[in-house]
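# Structural features, examined
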Amino acid sequence: MVHENCGVVGIFSLDGHNVIPFVIDSLRALQHRGQEAWGIAVPGKSPFRRLGLISSAAAEFPTVVKKYKSHAAIGHVRYSTLGKSTLENAQPLKVKDLCVAHNGTIANVEELSGMVGGCTFTPQTMSDTLVAAQRLVMHLADKEDMAEAMHILKGEMVGSFCFTFLTDGGSVYAARDPRGFRPLVLGHHRETNTYMVASESCALAAVGAQLVRDVEPGELVKMSKGGISSQQFANEKPHAHCAFEYTYFAHPSSIMEGINIYAARKRIGQFLARKFPITNADVVVPVPDSARPAALGYAQELGLPFEEGLLKDRYSRKGSMRSFIEPYQSDRVEINKGIIPIQEVVEGKHVIVVDDSIVRGTSSAEIIKTLRMVGASRVSLVVTYPPIRYPCYAGIDFPSQEELVAYQHGVTEDSNATIGARVSQVIGADHIAYNDTSNLAKAIGMPEEELCFTCSTGNYAPLGIRPVFKSRIQMKGE
Ligand code: SF4
């Protein structure tokens, strides 16, 4: 099956400006959310889609800007939570006269595919976005109203979604799931009177647009010649904003639910220092890039030196990319080899390494080995996210329990300290201090019950499912 996380944008210029340059620049700003494929859709044409980074198609930009000239468009960057990285899985997708881009995961896609006659789908080709879009088009044909159609579709779907839609008539819509798992913001570019929605506010900033507000969970925003309007298609409480966005996934400059990601990460480091003060260390080193603010906060709180003891090789093919969201294990290992230690910073020292999470343990084990090779005398790992023991069915790619090192070495009733002790043996650390959900929620600045921690706690209530866990091969066909 093909499930999506990714980044989405939807843009409409009320003054009729060509928005394609905005789409390209805003997607580039969302590249950290997906590096496998990207695409743009405009009314009345087949979507333009490419594999790889947006920058690698730079030579095509002038042609794309001219050929797809439009005052209305949607765009997408893709990172597959399940399924193969092929062009046919790139988005936006088009079903009849509706183009769709999706960030999230529809967990009951097989059930939904039965409603659209999906018996020909295979586990490798089934796309949750395509199935949801086909079902939405069926409801639209019946109801002729997007909010009503979304209300019905929401009742049929289990999972997380931020959709942007584009009709051949030239209207742009954005819909966020009623729990608000994935982020979505609304912005406005004054000079061109252009409205836009995007997964993160960094995409607004990239084109000089102002952040207006978050799109509310359960809200449908419509942008068309008649202006901008909004309707609630569903209301559900409590919300379940993904806590992993705050520690790892989102860009540090972004603002979500009124909280700046950089400031939240720095606070997370400060709160960790109060909870796990390792005062006899010599230096605090972040794992680049997401953990930098947390490491700085940790070091400042304890008065320890903060140093960049690990650097990403920006010039190798994979070195500057993000390892966790790479779909294939060989690519993850190649990225980790692109992390270079600074011997002068760590040699002969007790090093506190601050990382945003331990998922499979691949990256952490490589980094610790590297630090020891250049002479670190002791390596303590401070982890901003609690142990990840359960698959995410709301859009992040740790789909099978067998891949999760904290699951392999810690069953449900174990404490974080016990899991830390076991995982430290596996990855070669002298000590691991894992954050907990309550400390993390306080540091983010949100009530714990408004955040999703399912991958740590195994509580799938926000999704309303009791999943039967499958292996990676069953889910991705690889
Ligand atoms: S399960 Fe984890 S990664 Fe998935 S939405 Fe919830 S907090 Fe985020």
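Owing to the predicted nature of the structure, the values given are computational and were not obtained by experimental measurement.

## Some points on the site of the ligand
Taken together, 12 residues sit near the ligand, with C242, C392, I396, C452 and C455 positioned nearest. With respect to the pocket detection grid, the ligand is positioned in the largest cavity. Of all the secondary structure elements, the ones that give two or more residues to the shell around the ligand are helix 7 (243–249) and helix 16 (454–457). In terms of residue class, the shell around the ligand is built from 10 nonpolar, 1 polar and 1 charged.

## Here's the deal with the sheet that holds strand 23 (residues 378–383)
On the basis of which strands lie adjacent, the open sheet formed by 4 strands has the order 19-22-23-24 and parallel pairing. Two strands in the sheet have a free side with no partner beyond their single neighbour: strand 19 (283–286) and strand 24 (431–434). Each adjacent strand pair in this sheet contributes to an overall mean axis angle of 25 degrees, direction not counted. Here helix 9 (residues 292–302) sits on the sheet and contacts strand 19, strand 22 (350–355) and strand 23; the angle it forms with strand 19, its principal contact strand, is near 165 degrees. Across the sheet, helix 14 (residues 416–427) lies against strand 23 and strand 24, angled at about 140 degrees from strand 24, the strand it touches most.

## A short note on the UniProt feature "binding site: [4Fe-4S] cluster" (unreviewed entry) in the protein chain
UniProt's entry tags C242, C392, C452 and C455 with the feature "binding site: [4Fe-4S] cluster" (unreviewed entry), counted in the numbering of this structure. For this annotated set, covering 214 residues, all C-alpha atoms fall within 10.2 Å of each other, a compact arrangement in space. Set against the largest cavity, the annotated residues named above that line it are C242, C392, C452 and C455. As for its position among the elements, C242 is in strand 16 (residues 241–242). According to the relative accessible area criterion, C242 is buried, its value standing at 10%. Ignoring any residue separated from it by four or fewer positions in sequence, one finds C242 in contact with F181, R182 and C452. Tracing the sequence through the fold places C392 in the loop between strand 23 and helix 13 (405–408). Judged by relative accessible area, which is 17%, C392 ranks as buried.

## Notes on the pattern of salt bridges
Applying the stated criterion across every chain, the model contains 18 salt bridges. R33 is the partner of E245 in a salt bridge, and the nearest nitrogen-oxygen pair spans 2.9 Å. Remark: R33 occurs in the loop between helix 1 (20–29) and strand 3 (37–41) and E245 occurs in helix 7; sequence separation between them is 212 residues. Owing to a relative accessible area of 1%, E245 belongs among the buried residues under this scheme. A salt bridge links E245 to R182; the nearest nitrogen and oxygen atoms lie 3.1 Å apart. Of the two residues, E245 is situated in helix 7 and R182 in the loop between strand 10 (172–176) and strand 11 (185–189); the sequence distance between them amounts to 63 residues. Since its relative accessible area comes to 1%, R182 is described here as buried. Linked by salt bridges that have partners in common, R33, R182, E200 and E245 make up one network.

## Quick word on helix 14
Here helix 14 contains 12 residues, and its C-alpha end-to-end distance of 16 Å stays within 8% of the 16 Å for a straight helix at 1.5 Å per residue. Within the sequence span of helix 14, burial applies to I419, G420, V423, S424 and I427. Buried residues along helix 14 cover an arc of 135 degrees about the axis, so they all sit on one side. On the buried face of helix 14, the contacting elements are helix 12 (362–373), strand 23, helix 13 and strand 24. Remark: G428 follows helix 14 within two positions and exhibits a positive phi of approximately 90 degrees.

## Here we look at the side chain of Q91
Along the polypeptide, Q91 turns up in the loop between strand 6 (80–82) and strand 7 (93–95). Engagement of the side chain of Q91 in a polar contact is seen with the side chain of H76, the distance being 3.5 Å. A distance of 3.1 Å separates a polar atom in the side chain of Q91 from a polar atom in the side chain of T129.

## Let's talk about the pairing of strand 15 (residues 227–232)
Bridge count between strand 14 (residues 219–224) and strand 15: 6 bridges; the pairing is antiparallel. Counted as the bridge partner of E219 is Q232 from strand 15. Counting the residues between successive antiparallel strands, the hairpin from strand 14 to strand 15 contains 2 residues.

## A closer look at the side chain of H239
Mapped onto the elements, H239 comes out in the loop between strand 15 and strand 16. Those residues in contact with H239, other than ones at most four positions away along the chain, are P178, R179, P217, E449, E450 and L451.

## Side note on empty space enclosed by the protein
Evaluated as defined, the whole model comprises 3 cavities of 30 Å³ or more. Within this model, the largest cavity holds a volume of roughly 110 Å³. Considering the residues around the largest cavity, the lining is formed by 15 residues, among which C392, A394, C452, T454 and C455 are closest to the centre. For the lining of the largest cavity, the residue count by class is 13 nonpolar, 1 polar and 1 charged.

## Comments concerning the nonpolar core
In summary, soluble globular proteins display a tendency toward joint burial of nonpolar side chains. Judged by nonpolar contacts, the single largest core of 50 residues is most densely connected at Y298 and I352. Of all the secondary structure elements, the ones that give two or more residues to this core are helix 7, helix 8 (261–275), helix 9, strand 22, helix 15 (437–444) and strand 25 (451–452). Excluding its chain neighbours within four sequence positions, the residues that come into contact with I352 are I278, A281, V283, V284, V285, Y298, L304, S380 and V382. Counting 29 residues, the second-largest nonpolar core is a separate cluster that includes L27, V42, F48 and V185.

## With respect to helix 4 (residues 128–143)
Between its terminal C-alpha atoms helix 4 stretches 22 Å, which fits the 22 Å expected from 16 residues at 1.5 Å a residue. Looking one or two places after helix 4, you find E144, whose phi comes out positive at around 55 degrees.

## Observations concerning unusual backbone geometry
Residue K237 is joined to P238 through a cis peptide bond whose omega torsion reads -5 degrees. Checked against the element boundaries, P238 lands in the loop between strand 15 and strand 16. Put simply, P288 and D289 share a cis peptide bond, and its omega is 0 degrees. Looking at the secondary structure, you find D289 in the loop between strand 19 and helix 9. Located in the positive-phi region is K96, a residue other than glycine, with phi close to 55 degrees. Looking at where K96 falls in the secondary structure, it is placed in the loop between strand 7 and strand 8 (98–106).

Basis of the calculations
In this numbering scheme, every chain counts its residues from 1 along its sequence in written order. For a predicted model such as this one, the threshold for reporting local features is a pLDDT of at least 70, and the threshold for listing and counting side-chain atom pairs is 80 or more; totals across whole chains, interfaces and linings nevertheless cover every residue. Think of the side-chain values as coming from all heavy atoms in the structure, minus any hydrogens and water. The criterion for a residue being near a molecule or strand is simple. One of its heavy atoms has to lie within 4 Å of it. In this analysis a 1.4 Å probe is tested at points of a 1 Å grid over the protein atoms alone, and where it fits but cannot get out there is a cavity; an open set with protein on both sides within 12 Å along at least five of seven lines is a pocket; lining residues have an atom within 4 Å of a point. In this description, a molecule resides in a pocket or cavity if more than half of its atoms sit within 2 Å of the grid points defining it. By the criteria applied, helices consist of DSSP H or I runs no shorter than four residues and strands consist of E runs no shorter than two, each listed in order from the N terminus. Lys, Arg, Asp and Glu make up the charged group, whereas Ala, Val, Leu, Ile, Met, Phe, Trp, Tyr, Cys and Pro make up the nonpolar group; the residues left over, Gly among them, are polar. Being paired, for any two strands, means DSSP has found at least two bridges between them. What counts as an axis is a line fitted to C-alpha atoms, over the stretch in contact for a helix, and the angles between N-to-C directions run from 0 to 180 degrees. Contacts are assigned to residue pairs that have any heavy atoms within 4.5 Å of one another. UniProt positions are given in the numbering used here, feature names are shortened, and annotations may be inferred rather than shown by experiment. Burial classes: relative accessible area under 20% of the type maximum marks a residue as buried, over 50% as exposed, and values in between as partly exposed (1.4 Å probe, protein chains only). Salt bridge, as used here: a side-chain nitrogen of Lys or Arg that lies within 4 Å of a carboxyl oxygen of Asp or Glu. Here, expected helix span is obtained from the residue count minus one, scaled by 1.5 Å. Each direction from the helix axis to a C-beta atom contributes to the arc, which is the arc of those directions. What qualifies as a polar contact is a pair of N or O atoms within 3.5 Å, subject to a donor-acceptor requirement within protein and to the restriction that residues adjacent in sequence count only when both atoms come from side chains. Grid points are joined across faces, edges and corners, and a volume is the space filled by probe spheres set on the points. The set of buried Ala, Val, Leu, Ile, Met, Phe, Trp, Tyr and Cys residues whose side-chain atoms join them within 4.5 Å is what this entry labels a nonpolar core.

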